[in-house]
Each structure stands twice: as structure tokens, then as C-alpha cells.
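As a plain string of letters, each chain reads:
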Amino acid sequence: MRFASHRDVARAFERGVRRAGLPIAYSAGFTPHPKISYAGGAPTGVASEAEYLSLALTVRQAETQVCLRLNAALPDGIDVIDVTEAGGDGSRPAGSGSASAGGFGHLEASGWRMVLPGVAPEVARRAVAGFLARTEAPVERLTDKGVRRLDARAAVVEMTVLDETAEPGSEDCAILRMVVLHTAPAVRPEDIVTALREQDGIAPSSPPMITRLAQGQRAQLTGQALLAGKGAS
Amino acid sequence: MPVESVYPALEPLLPSVRKPIQYVGGEVGSVVKDWDSADVRWALCYPDAYEVGLPNQGIQILYEVLNERDGVLAERTYTVWPDLEALMREHDVPQFTLEAHRPVAAFDVLGFSFAAELGYTNMLTVLDLAGIPIFSSERGECHPLVIAGGHAAFNPEPVADFLDAVVLGDGEQAVLAITEVIREWKREGCPGGRDGLLLRLAPFVYIPRFYDVSYHADGKISKVVPNRQGVPATVSKHTLMDLDAWPYPRQPIVPVAETVHERYSVEIFRGCTRGCRFCQAGMITRPVRERSITTIGQMVADGIAASGFNEVGLLSLSSADHSEINEIAVDLADCYEDSKVGLSLPSTRVDAFNVTLADELSRNGRRSGLTFAPEGGSERLRKVINKMVTEEDLIRTVTTAYASGWRQVKLYFMCGLPTETDEDVQAIGQLARKVIAAGREAAGRRDIRCTVSIGGFVPKPHTPFQWAAQCAPEVVDARLRALGGALRADRAYAKSIGYRYHGGQDGIIEGLLSRGDRRVSGVILAAWKEGARFDGWSEHFSFERWQRSAEQALAGDPVDLAWYTTRERDYSEVLPWDHLDAGLDRDWLWQDWQDSIAPEGAGEVEDCRWTPCYECGACSSMGTEIQVGPTGQRLDGRRLLPVIGGR
């Protein structure tokens, strides 16, 4: 699903919900839409192990049943990890909640893993040190509406180079792990790659492989919490 | 021996191309089989972009028919856009299938489905990227058999040099028969090599290289004859009888990427005998074979449950002609009233009954637009094309539509039809104004709209107009300009009438590819070498490039672009497709052509579903018969409805 756009994923998910036979609620009006809302989807070209969405059903269902039925119906590459019933206002009920999840309002940052093909770890370490030492890292991104200017540095809370390398025996492949705040306008991982390339002298031999590892509160993501996270494909 | 996936080489290229998801596969409904579990392996190609090719019914049906069989494997491949093509060439990544990203060259068969002629250059891109020699004559035993089917394949001569074999007509049984022949031939150790296999196929599949074409000094074909023993003088089309026994697609492929038709489609009947003289589909798919209401109901229920689509299309060449269409519409609308599943009838004729059907199918939806195709602006011209719609019919139909809440009516016409005059095209404008006037009165409001959409007429093989001169592009363009001027000039109506058209030049290239012979292959190759890709897309199509390529490739021949297109043929001329039998009697086609252009006014041909057989030849020569209802059955919603909305 790494190459699917947010709209593609949403369409695939809605069809999966219908195949699963879940009693999904629809909006009113001439063209009713299933009531599913998505929180800050990962950009196209980026893999993710941590997306959040909420859906409204017309009949109460057991959480485990919803999870099982969705997983049986969804295409390969979209897996439902956990289902939790929300409060009446769509928020999570008080007193529950695992470490990584939260109501959508609390998804204030993402943890990312970034594989940089053709970049030696020591080169990446120097670039990361340079990046973190900056007070700002202005970059430009070409969008449909024209050139957008962003400060890539401001959103980055943490950035380290892992000791492991991607594939033993293959070319140099530095792996970065970082925590990036959900700002408006959003700073995407690709913006950070742009900054590292243009200002800190890294030169990946092919486009980086980027994976979102987690979303949540800043404090839950920083420090050692994510280093224990599993590797991404 | 297992075949390696090219995905590791492809994946690094994908971040740099537009809409990369279209190259990833993994769709619900797609099938990945173990390579070694199959002894006959098909790569099925729709030679256009994924977004157009994926919803194609033909490919989806054959994909399922083949994959249901043990020992047979079928995967899909589509034409990649030029951005990925350039990267694949740069990084040596071959044409791949979507299921397991296997290289296309590793398969036993590469099958192309040609719905339209403008996909021919895309076929060359696929062959070249696959590493398969473009010319059939240069392929060896190790290369896949390159087969074509689909409506355009009823005259495959312009691409005959690139194809090893061509299937005429319905593919369901033909692909299985071909599979058996290949399996036997491989099991016996491939006796006779590639030609040995082609000889075994020749009795029921057209093998272009087994026929020699000779020409007269003036450029006309002298004769087409088999060049070896055991090859039939003419090759016949395949006709599938009993559609209820072949209820495909059952497991529709559900794309993640966005495509042009996001719906589950069920073909409610195949064939059409309305007898519109311009319509190749209606001529080559005879006779009419209906699917029963109960099979349709079950296919819809299963198709929705398997796919999760929330729209269903009831497909055919003229869907309202099904003998039980009213029952189908009412019962399906009953079944799905509460389930947010939309129903549509994409192909309808000018008839107030159709509006009633559309009302039924849109019970809880928005009534935005209805489309009708009178095709000709004047009643005289509609008689020429045997589209028996009076002005009264049309006004009555649109009045019903506007009165029952439809706000927009779209009308399709053609320009450049045989015997057409400037006045016939101007009549389209007068008709549109009458439609608006009647609509304003019926709806009691002024904000209704009518869109006039016009395409250039292209004469097609196996139709009564196969002998006709295609109208010169300058004439088509002048008539379309004059009509546009007239529509804009009338201030009382100008704002209510939309106007869309294709210019005459696009149609000339389609005309060249439709009625061309083997000499046209040089034009296609030259255009492709000059960069022709995705010719069905106006932003990629270049008339000038084709014109240059035609001049260059035909320089040594006594023929040119005009010879193939704007020249009328006579009875005695050998047409490039005369040795390919669509079942239609050549003399019947000629008589129908003469009737259409008779000076005293065109003769009418009735529909043989309701009048006695008029011996067009389709049934008698192919041993087939009309299969229509009514069956008297009804759909029971409680039994059919997939459980959506509560369990």
C-alpha cells in the first residue's frame, strides 16, 4: 500500500467494510458516504505500520469481531491491528487506551524509519549532526498549487542513525529514525530528505524507503521507545 | 523452473512515476498461482493504461475462465505510461505482469484484447518492453505465442505481421481449446516447433502467416490464399451459446488505484439485431443471447458480496431490449433499495420506456443525466443508418425524462455518415432546440440542459458500410463548425445546449487502422518508432505524426492514407477481411448497403427478434440461434441480497 494515495486507501477500506458485511452508517444527503474518518494518512510512496481511523456502525458490534471480519475482507497490505470502541462523541472512553493509541486529537507526532540507499552510516551521522545543529532548514516542495516553502527543522524532535544497516552484503544503506511533529502545514519525511540532501550533503542512490512506525504523543515516541521497534519492510 | 519476480528492480523506479499504485497489483480478486503448478501460462494484456484496462469485461472473464482450471495460470499486464517506460528501458526492467511481477516473455501465451484499433501502438510497446520480437516471423520457440482477440481483431490485417494467431468472436471456449492444444503440443515435446503448434491451431484460429496476400497493380488486393496444406480458406468466428452456463465475472478484480469504471458489471445479453448499419458490434456479435433474470440476479448478489462495489452496471449493446428488463429493473431496485447500491443501464435507446426503467433504477439516487443516441440529425439520415427513431419518439422520450425530474439529457450523434449533407448536420441543432423547448414546458423550469455530443463516423469491416467512403476530415470539421455557430447564435437556447465533438482528423487514423490491409503494418511501426503511444488519448495523439508515417511507409506502394479511408469500394473488390467469417452473408451486407443509399429513400430492416428471419447469415452459417426469454421467473430479494447493513 506504500504507493497508494490516501484516496486509494480510503476507497479500498470502504470496499473492505462492505465486503466484511459490517453495518456501516452512512451520511445523509443525495450521495450518502460511509461514515469513516481518517487521521493524517501517510503520504503516497511511504509505507506505514500505524494509521488510525474511526468508523460509525448502526449496530453495536464486538471489537474483536469487527477486527476479524475486516482482516478477512481487506486486501493484502492493509491489516487491522486493533479495534477499540469510541465514546458517543467519537473520542476514546476515559480510562482505557494502550501506550501507542490515543484519540485522534492526541496524534501529535509520528515516528519514522528511513532507509537511505547508497549512504554510508558515518556520512549519515555527520549529516544528521549538521541538520540538528541548525535553527532552521528551509526547503521547497512542488505541489499541484505551486511551490510550497517549509521549515523542515522545526518539526523534527529527534533524529538518530541506527547502528544496523539495511541488507548485509548490499551497498551502504544508512537507517535513520526520527520523530516529527504533526505541524500545519505538514512537514513530510520527503521534505526532511530534501533538507539533508541540499544542506547536509547526503546523496541517496535511489529514493529512500520510508515507513511510519507509530503515531501518538511526543513523549511516547521520543527516547528509547521506538528504538525497540521492529524493522520495516 | 521458477521465474523470478522483477519487483525488486521495479520498486525503486516507482517513487518517480505518476500513480505508481497502478503497477503494484495485489488487488482483491486477483489470483497468484505457483508457476510450476501450471503447464500452460497466459499473460493477458489490455493494451491501454491500467485505469482503462482493468475494468474491461473481456479480460476479467477470460482471466477467471483460465485460472479456474487446474494446470493453467493467467496473469494480467497493461501498457505502462511513457514515464515508467523510459525508466524501464534505462534500468532494463522488462514488461511484467501485475500478479507476481513475472516477466511477460516467460509465459506460453501473450493475449491482447483489442476493443479499439488505436491500441495497436501500445501493443508494440508491450512486445518491445517484454523483449519479444515485434514481427511474428522473427519469433522462435522460446517466445510466447502472441494472440489477439476482441472486436478490432475482426480485421487484424494491419497488425497481422505482429501477431501469431487471432481469435474471432467469443473467447470463453476458444481460450480453453487453445490451452488444450498447447498442453498437448508441449507434452509431446513441441513437435514441428512453433509452426507445428500454429498448424494445430489453424483449423479454429486465424494464423496470418499461413495466408499469402497478393495485390493488383492498382493497389487492390488480388487474392488471399492459404500457403500450406490443412489451413482453411476462411476462418470462422466463435459464438458462445447459453450465457447462463458461463456466469463470469464471478470474482471481479477490485482495483486499489482509481479506474474509469468503479462498478460490478454484468452482461445481461450478448449480441444485437437492431441492425444499425454503422455498428460493427451489432453485426459481428449476432445472434442475441440473453442471460436469464435469475442468473443476472445471482451474479449481481455474488458480485457485490465478492467485490464490495456499490455500483452495478447492466451491460449489453442495448440493455432495454432484454425480454425481461422491466422485471430485472424492478426486482433489483427492490432488493437493493436500502443498501446504497446504485444500479445503472449504460446503453439505452430512444424510447420513453427507457426513462421508466431509469426512474426505477434511480429510486433513491439523484436524477442527474440521461443519455440517448439518435445518431443522425434528420429523419432521412436516420433511415440511411437504419436507426428507426422519429422526431416524435425523441421528443416524447425527453419530455418524459424532464417531467420525471431528470435535469440533463445527453444526445449522441455522428457526423460524416453516408449521403450526409450540411442540412442533415444542421438538423441536429434544430432537434436540440426542440428538445429544450419541450423540456422547459415539461419540467416547468428553465434550468434544464441538453448536451449534444458528436463523433466522426468511421466505416467498419463486416458492416453494410464497409464499402463506404469515409467523409473527408475537412468536410466533417466544416459541418461541425457550422453547427456550433448555429447553436451559439440562437440566444434563446445557447445557454441550455452544451456542444462537444471530436474533429475529423482523429477518425481518419481510426479509419486507416480499421479497414487497412497488411501494408498498413509499416505505417503503425513507423508511427510507433516516431513515438506514437496511447493514441486513444487526445493529449498523446498526433495526426501529423501518423500522416508523416503513412507517407513514409507507403511511399513505394500505389496506395495512400486517402485510398484507405475516403475511397468508396465496389462489390468486386477483395476486402482485406473477406477471408475472415463473422457469419454475415456478403451479398446480404451488399444489399443492405445498396438499400441504405437507394435514391428513392433507404429501406428499413426490422429486428429479427420480432419479425421473421431475413437471412443475414449469422445463425445459418454458424449453426447458432436466437436465445431470448421471457422465462417468467422473478427475483426473490430475501434469497439474493448479500448481507450488507446488519448480520
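Remember, predicted model here, so these are calculated numbers, not experimental data.

In this structure, what is going on with the overall build of chain B? I would like to understand it.
What chain B contains, in helices and strands, is 22 helices and 18 strands. Its C-alpha atoms give chain B a radius of gyration of 25 Å, within 12% of the compact-globule value 26 Å for 647 residues. Dimensions of chain B along its principal axes, counting C-alpha atoms only, are 75 × 75 × 55 Å. Here chain B, with 647 residues, has 51% of them falling under the buried criterion. Taking as baseline every contact in chain B between residues at least 6 positions apart, the subset at least 24 positions apart corresponds to 78%.

Help me understand the nonpolar core in this model?
Soluble, globular proteins show a tendency: their nonpolar side chains are buried together. Ranked by size, the top nonpolar core spans 198 residues in total, and within it Ala165, Val166, Leu168, Val205 and Val409 of chain B carry the most contacts. When residues of this core are assigned to their parent elements, the largest contribution, eight residues, is made by helix α14 (residues 422-443) of chain B. If near-sequence neighbours (up to four positions away) are discounted, Leu168 of chain B is found in contact with Ala153, Phe154, Tyr206, Val235, Ser236, Lys237, His238, Leu580 and Ala582 of chain B. Formed by 38 residues, the second largest nonpolar core is a distinct cluster that contains Val46, Val161, Ile175 and Val187 of chain A.

Would you mind showing me how to read the sheet that holds strand β16 (residues 449-456) of chain B here?
All names here are of chain B. Strand order in the open sheet made by the four strands is β14-β15-β16-β17, with parallel pairing throughout. Edge positions in the sheet fall to β14 (369-375) and β17 (497-501), since each has one partner strand and no second. The mean angle between the axes of side-by-side strands here comes to 20°, regardless of whether they run parallel or antiparallel. Direction of pairing for strand β15 (residues 408-415) relative to β16: parallel, over a ladder of eight bridges. Note on β16: the bridge partner recorded for Val409 is Cys450. On top of the sheet, helix α15 (residues 473-489) reaches β15, β16 and β17; it is set at about 165° to β17, its chief contact.

So what exactly am I meant to see when it comes to the sheet that holds strand β7 (residues 156-161) of chain A here?
Think of a sheet as strands paired side by side through backbone hydrogen bonds, with each pair either parallel or antiparallel. Residue and element names in this part refer to chain A. Taken in spatial order, the five strands make up an open sheet running β2-β9-β4-β8-β7, and their pairing is mixed. In this open sheet, the two edge strands, each paired with only one partner strand, are β2 (47-48) and β7. Contacts between helix α3 (residues 121-133) and the sheet are confined to β4 (109-117), β7 and β8 (173-181), with β7 contributing the most and set at about 160° to the helix.

What is the right way to read the pairing of strand β12 (residues 311-315) of chain B from this model?
Along any regular strand, the residues point their side chains to alternate faces of the sheet. Residue and element names in this part refer to chain B. Across four bridges, strand β9 (residues 264-267) lies against β12 in parallel orientation. Looking across to β12, one finds that Glu267 is bridged to Leu315. In this structure, β12 lies alongside strand β13 (residues 342-344), joined through three bridges in parallel fashion. Looking at β13, one finds that Gly313 is bridged to Ser344. A crossover links β12 with its parallel partner β13, the connecting element being helix α10 (residues 325-336), and its sense is right-handed.

Could you clarify how one ought to interpret the packing of helix α13 (residues 391-403) of chain B against α14 of chain B in this entry?
A pair of packed helices can be characterised by two numbers: the angle between their axes and the separation between those axes. Residues and elements named next belong to chain B. Relative orientation of the contacting elements α13 and α14 amounts to 40°, with a least axis distance of 8 Å. Between α13 and α14 lies a crossing of right-handed hand. Residue-level contacts link Glu391, Leu394, Ile395, Val398, Thr399, Tyr402 and Ala403 of α13 to Leu431, Lys434, Val435, Ala438, Gly439, Ala442 and Ala443 of α14. Split by residue class, the contact of α13 with α14 holds ten nonpolar, two polar and two charged.

Would you take a moment to explain unusual backbone geometry for this structure?
Across residues other than glycine, the phi torsion is negative in most instances, and most of the peptide bonds are trans. Residues and elements named next belong to chain B. Backbone torsion omega between Tyr248 and Pro249 reads 0°, so that peptide bond is classified as cis. Residue placement: Pro249 occurs in the loop between β8 (235-236) and β9. Cis geometry marks the peptide bond from Gly629 to Pro630, where omega comes out at 5°. Relative to the helices and strands, Pro630 resides in the loop between α21 (618-622) and α22 (637-640). Unusually for a residue other than glycine, Cys190 sits at a positive phi of about 55°. Along the chain, Cys190 turns up in the loop between α6 (172-187) and α7 (193-201). Judged by the 13 C-beta atoms lying within 10 Å of it, Cys190 falls in the partly exposed class. Positioned with a positive phi, His462 is a non-glycine residue whose angle comes to about 65°.

Would you take a moment to explain the pairing of strand β6 (residues 211-215) of chain B for this structure?
All names here are of chain B. Where β6 and strand β7 (residues 221-226) come together, five bridges link them in antiparallel fashion. Counterpart to Asp212 in the pairing with β7 is Val225. Turn length for the β6-β7 hairpin, with the two strands adjacent in sequence and antiparallel, is five residues, and the turn residue Gly219 shows positive phi of about 100°.

Any chance you could explain the domain arrangement of chain B here in plain terms?
A common way to state how big an interface is: give the accessible area lost once the parts meet. Residues and elements named next belong to chain B. Splitting chain B by domain gives domain 1 (7-233) and domain 2 (244-250 + 260-365 + 609-636). Here the C-alpha centre of domain 2 lies 29 Å away from the C-alpha centre of domain 1. Listed as interface residues are twelve residues of domain 1 and, on the opposing side, 14 residues of domain 2. Breaking the side of domain 1 that touches domain 2 down by element, the ones donating at least two residues are α2 (50-53) and α3 (57-67). When residues in the side of domain 1 that touches domain 2 are grouped by element, the largest group, five residues, is from α3.

I keep staring at helix α20 (residues 586-596) of chain B and nothing clicks. Help me out?
The α-helix advances 3.6 residues per turn, and as a result positions three or four apart in sequence lie on the same side. What α20 of chain B keeps buried is the set Leu589, Asp592 and Ser596 of chain B. Considered in projection along α20 of chain B, the buried side chains sweep an arc of 65° and stay on one side of the axis.

Looking at this structure, how should I read the domain arrangement of chain A?
Residue and element names in this part refer to chain A. Domain boundaries assigned for chain A yield domain 1 (1-100) and domain 2 (108-221). One C-alpha centre belongs to domain 1, the other to domain 2; they are set 28 Å apart. Between domain 1 and domain 2, the contact holds eleven residues from the first and eleven residues from the second. A per-class count over the side of domain 1 that touches domain 2 returns seven nonpolar, three polar and one charged.

Help me understand the confidence of the model for chain B, please; the structure alone is not making it clear to me.
For residues with low pLDDT, the predicted coordinates do not support detailed interpretation. All names here are of chain B. In this model, chain B carries an average pLDDT of 94, and 98% of its residues clear a pLDDT of 70 or more. Note that residues 642-647 has pLDDT below 50 and, in this model, 13 contacts with residues that lie over four places away or in other chains. Among the scores for the predicted complex, ipTM is 0.88 and pTM is 0.93.

Would you explain the environment of Ile210 of chain A in this entry?
Residues and elements named next belong to chain A. Note that Ile210 resides in strand β9 (residues 209-216). What makes Ile210 buried here is the crowd of 25 C-beta atoms within 10 Å. As for Ile210 and Val123, which are separated by 87 residues in sequence, their C-alpha atoms are 19 Å apart. In this view, Ile210 contacts Val46, Ala47, Trp112, Met114 and Pro189; residues no more than four positions away in its chain are not counted.

The rules we used
Residues numbered from 1 in each chain as written. Chains lettered and ligands numbered in written order. Predicted model: local features only at pLDDT ≥ 70, side-chain atom pairs only at ≥ 80, totals over all residues. Helix = DSSP H or I, 4+ residues; strand = E, 2+ residues; numbered from the N terminus. Rg over C-alpha atoms; globule rule 2.2 N^0.38 Å. Buried ≥ 20, exposed ≤ 12 C-beta atoms within 10 Å, placed from the backbone. Contact = placed C-beta atoms within 7 Å. Core = buried A, V, L, I, M, F, W, Y, C linked by C-beta atoms within 7 Å. Pairing = 2+ DSSP bridges. Axes fitted to C-alpha atoms, helices over the stretch in contact; angles between N-to-C directions. Right-handed = clockwise from strand over helix to strand, strands pointing away. Left-handed = near helix turned anticlockwise from the far one by under 90°. Nonpolar A, V, L, I, M, F, W, Y, C, P; charged D, E, K, R; others polar. Domains from an automatic or database assignment. Arc of directions from axis to C-beta. pLDDT = per-residue confidence, 0-100.

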